[in-house]
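# Structural features, examined
Here is how the chains run, residue by residue.
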Amino acid sequence: MSSYPVLHLRQEQRPYEHRAFSPDVVGKLVAAGYPVHVERSSTDPSYERIFKDQEYSDAGAKLVDTHTWTDADKGTLILGLKELPEEDFPLKNDHIQFSHCYKDQGGWEKVLGRFPRGGSTLYDLEFLVDEQGRRVSAFGYHAGFAGAALALKVWAWQLTHPASEPLPSVENFTSGRGYYLNEEELVQQIREDVAAGEKVAGRKPHAMILGALGRCGRGAADMFKRAGLTDENLTKWDLNETKDKQGPYKEIVDSDIFLNAIYLSDPIPPFVNQETLSSPDRKLTVVCDVSCDTSNPHNPIPIYNTLTTFTKPTLPVKVPSSELPLSVIAIDHLPSMMPREASDAFSQGLLESLLTLKDRDSAPVWKRAEDLFKKHVSRLPPGLQKKEV
Ligand SMILES: NC(=O)c1ccc[n+]([C@@H]2O[C@H](COP(=O)([O-])OP(=O)(O)OC[C@H]3O[C@@H](n4cnc5c(N)ncnc54)[C@H](O)[C@@H]3O)[C@@H](O)[C@H]2O)c1
């Protein structure tokens, strides 16, 4: 290959998705020689990008009309984060994005089939890995950070509001936006929440993280620390602490907040269940399940079964013969609560790989992603594997 393909950054088409490849990274691609076209942001508040159009044009990108990626010249590489809207036309250009069609998700054949039918390749961001098989970039850190922030907010809310009043929509705390403009805005607000809760409880909360050494776990620990929790207020467990003893764990119900951030790969006994929750000594009032393995038969938090949202962030869990509340947060797109930093960090993590796109036929990271794409295409019904004429 070795010529600089045009990169076309599309406006996301999923509501409440404000993240995007950052202007900083776009500027570095332009400086390296890549022509970058950026679709103007939608002006609909539910879709509006966190970055201003001007930030992209200042970085050297050419602004183009919204949703024009379908008309891009052949050879243009389309960049986006989330999956495309459900449509049927074959895709003639290569795409870089999360597509969620490699694990037999409902409708995967139709989603994946659009690429071979149009003669194009999907480079799925979830499976972009280095030579050790580690993800090149991921949103986990900010998922943990945002999850810990919400958990602290719920802890303080429970102490300062009647039990019948659940935490309202995140919009109530973000001037109607539904997301925080930046990390500082979030951290400042959570520090105030914790101070209000501390006034009632007479102490800071104790939080426990499971999966503390992973991306989400590290983000959660940083948020808890930024909110003023000390090492004494924080229990951090990872495989070392769970390998020799099976759940459920008493340490979880002895904490005010439990944040689960493990990567579930094998069946394991539950971390917490109705029996441990029934302990008369329970302190636990907030569970933030960042991992959200809700529909997995081996879900280690089998005390709830529905995901929650930024609009309705918590779910009450009834514990028989206990007056103490218990709220579960299980939002599967937590990084969207802090789109600026999440986008910056994710884009920065990808930069080195993006700079090799002109040689993507041979650059190992893209070659691996292409081989994986081909492997999954070979699982499609024969009629969907070939380019349509
Ligand atoms: N809710 C969201 O918005 C959101 C966003 C990103 C990721 N996630 C999910 O969060 C989970 C974690 O993602 P990650 O990127 O941090 O993964 P990761 O692989 O970086 O970290 C997972 C950690 O869990 C630990 N772990 C695994 N099994 C354990 C066990 N039985 N006991 C103790 N520790 C254990 C691992 O050692 C590792 O340190 C994944 O399921 C991911 O899909 C959710």
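Per chain, residue numbering runs from 1 following the sequence as it is written. Only residues with pLDDT of at least 70 get local features here, since the model is predicted, and only at 80 or more are side-chain atom pairs given and counted; chain-wide, interface and lining totals rely on the full set of residues. In computing side-chain values, all of the structure's heavy atoms are included and hydrogens and water are not.

## Overview of helix H4 (residues 140-160)
- Helix and strand definitions follow DSSP, with helices as H or I runs of at least four residues and strands as E runs of at least two, each counted in order from the N terminus. Working rule for helices: expected span equals 1.5 Å times residues minus one. Here H4 contains 21 residues, and its C-alpha end-to-end distance of 30 Å stays within 8% of the 30 Å for a straight helix at 1.5 Å per residue.
- For every residue, the accessible area (1.4 Å probe, protein chains only) is compared with the maximum for its type, and the residue is labelled buried under 20%, exposed over 50%, or partly exposed between those bounds. Burial of H4 is extensive: 18 of the 21 residues sit out of reach of the surface.

## Regarding the site of the ligand
- Taken together, 21 residues sit near the ligand, with Cys 216, Asp 238, Thr 242, Val 290 and Leu 334 positioned nearest.
- Any pair of nitrogen or oxygen atoms within 3.5 Å is treated as a polar contact; in protein, a donor-acceptor pairing is required on top of that, and neighbouring residues in sequence qualify only through side-chain atoms on both sides. Within the backbone of Leu 334, an N or O atom sits 2.8 Å from an oxygen atom of the ligand.
- Here the ligand has 880 Å² of accessible area as a free molecule, and 78% of this is covered by the chains.
- Elements with a contribution of two residues or more to the shell around the ligand: helix H6 (215-226) and helix H7 (239-242).
- Gly is put with the polar residues, along with every residue not named as nonpolar or charged; the nonpolar set is Ala, Val, Leu, Ile, Met, Phe, Trp, Tyr, Cys and Pro, and the charged set is Asp, Glu, Lys and Arg. Looking at the shell around the ligand, its residues break down into 13 nonpolar, 5 polar and 3 charged. Note on terminology: near, applied to a residue and a molecule or strand, indicates that one of the residue's heavy atoms is within 4 Å of it. Only the protein chains shown count as covering a residue, and every accessible area follows the Shrake-Rupley method with a 1.4 Å probe.

## Notes on the pattern of salt bridges
- A pairing counts as a salt bridge when a side-chain nitrogen of Lys or Arg comes within 4 Å of a carboxyl oxygen of Asp or Glu. Counting across every chain of the model gives 26 salt bridges.
- With a shortest N-O distance of 3.1 Å, Glu 83 and Arg 14 are connected by a salt bridge. Taken as a pair, Glu 83 in the loop between strand E4 (77-79) and strand E5 (95-97) and Arg 14 in the loop between strand E1 (7-9) and helix H1 (23-32) lie far apart in primary sequence, 69 residues in all.
- For Glu 83, a relative accessible area of 21% corresponds to the partly exposed category.

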